[in-house]
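Structural characterization, general
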Amino acid sequence: ELLDQGLEAHTVSEVWLGASADPDLFIDALPWLDRKMEAILCHVSQFLGRPEFDAGEFKKLIGERMKQMGEMAGLEVAEGFRRVEAG
C-alpha cells in the first residue's frame, strides 16, 4: 500500500537494544535524568493497582542502574545499549 503511494521501504544501519546485559554504546543521561524519571512514572497503567509498587523505590532502582552504566562509560549516569548492525 505504501509502495503504491510512492513511499520506499526504510532500512536502518543499526539497532540499539536497551536493558542489555552487555552494552557497548553509552549515552550521557545527566541532562535529562529528572525528566526521564517523571516520564516513567507517567505510565500509571504499569503500576496502578499494584500494592508492591513504590515510586521512590522504583526511581532508586532506575537511578542505580543508570549510575552503573555511567561507571562503565566514565560518566555520572548513562543509558546503556547493545548496538547491532543491521547489514
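What you see is a predicted model; the values in this text were computed from it and never measured.

So, on to the nonpolar core. Among the nonpolar cores identified, the biggest contains eight residues, and these are Ala29, Leu33, Met37, Ile40, Phe47, Ile62, Met66 and Val77. Looking at this core, the elements with two or more residues in it are helix H1 (33-41) and helix H2 (55-73). Excluding residues within four positions of it along the chain, Met37 makes contact with Lys59, Ile62 and Gly63.

The next point concerns the confidence of the model for the chain. Scored by pLDDT, the chain has a mean of 90; 98% of the residues are at 70 or more. Within the chain, the element-level pLDDT minimum falls on H1, averaging 88, and the maximum on strand S2 (residues 25-28), averaging 98.

The next subject is H2. The first and last C-alpha atoms of H2 sit 27 Å apart over 19 residues, in line with the 27 Å expected at 1.5 Å per residue. Of the positions making up H2, those classed as buried are Ile62, Gly63, Met66, Met69 and Gly70. Down the axis of H2, the smallest arc covering the buried residues is 120°, so these residues share one side. Relative to its buried face, H2 has exposed residues pointing more than 90 degrees away, namely Leu61 and Glu71. Contacts from the buried residues of H2 go to S2, H1 and strand S3 (78-85).

With antiparallel pairing, three strands are arranged side by side in an open sheet as S1-S3-S2. For this open sheet the edge positions go to strand S1 (14-18) and S2, each flanked by a neighbour on one side alone. In this sheet, adjacent strand axes meet at a mean angle of 40° when their direction is disregarded. Two strands pair when backbone bridges link them, and S1 and S3 are joined in this way by five bridges, in the antiparallel orientation. Across the sheet, Glu14 pairs through a bridge with Glu85, a residue of S3. Strands S2 and S3 of the sheet are contacted by H2, whose axis makes an angle of about 65° with S3.

Further remarks concern the pattern of salt bridges. Counted under the stated rule, the structure contains four salt bridges. The residue Arg82 makes a salt bridge to Asp22 at a minimum N-O spacing of 3.4 Å. Of this pair, Arg82 sits in strand S3 while Asp22 is found in the loop between S1 and S2, placing the two residues 60 residues apart along the sequence. Taking relative accessible area as the criterion, Arg82 reaches 31% and is therefore assigned partly exposed. Connected through salt bridges with shared partners, the residues Asp22, Asp24 and Arg82 form a single ionic network.

Basis of the calculations
Residues numbered from 1 in each chain as written. Predicted model: local features only at pLDDT ≥ 70, side-chain atom pairs only at ≥ 80, totals over all residues. Heavy atoms only, no water. Core = buried A, V, L, I, M, F, W, Y, C linked by side-chain atoms within 4.5 Å. Buried < 20%, exposed > 50% of the residue type's maximum accessible area, 1.4 Å probe, protein only. Helix = DSSP H or I, 4+ residues; strand = E, 2+ residues; numbered from the N terminus. Contact = heavy atoms within 4.5 Å. pLDDT = per-residue confidence, 0-100. Expected span 1.5 Å × (residues − 1). Arc of directions from axis to C-beta. Pairing = 2+ DSSP bridges. Axes fitted to C-alpha atoms, helices over the stretch in contact; angles between N-to-C directions. Salt bridge = Lys/Arg side-chain N within 4 Å of Asp/Glu carboxyl O.

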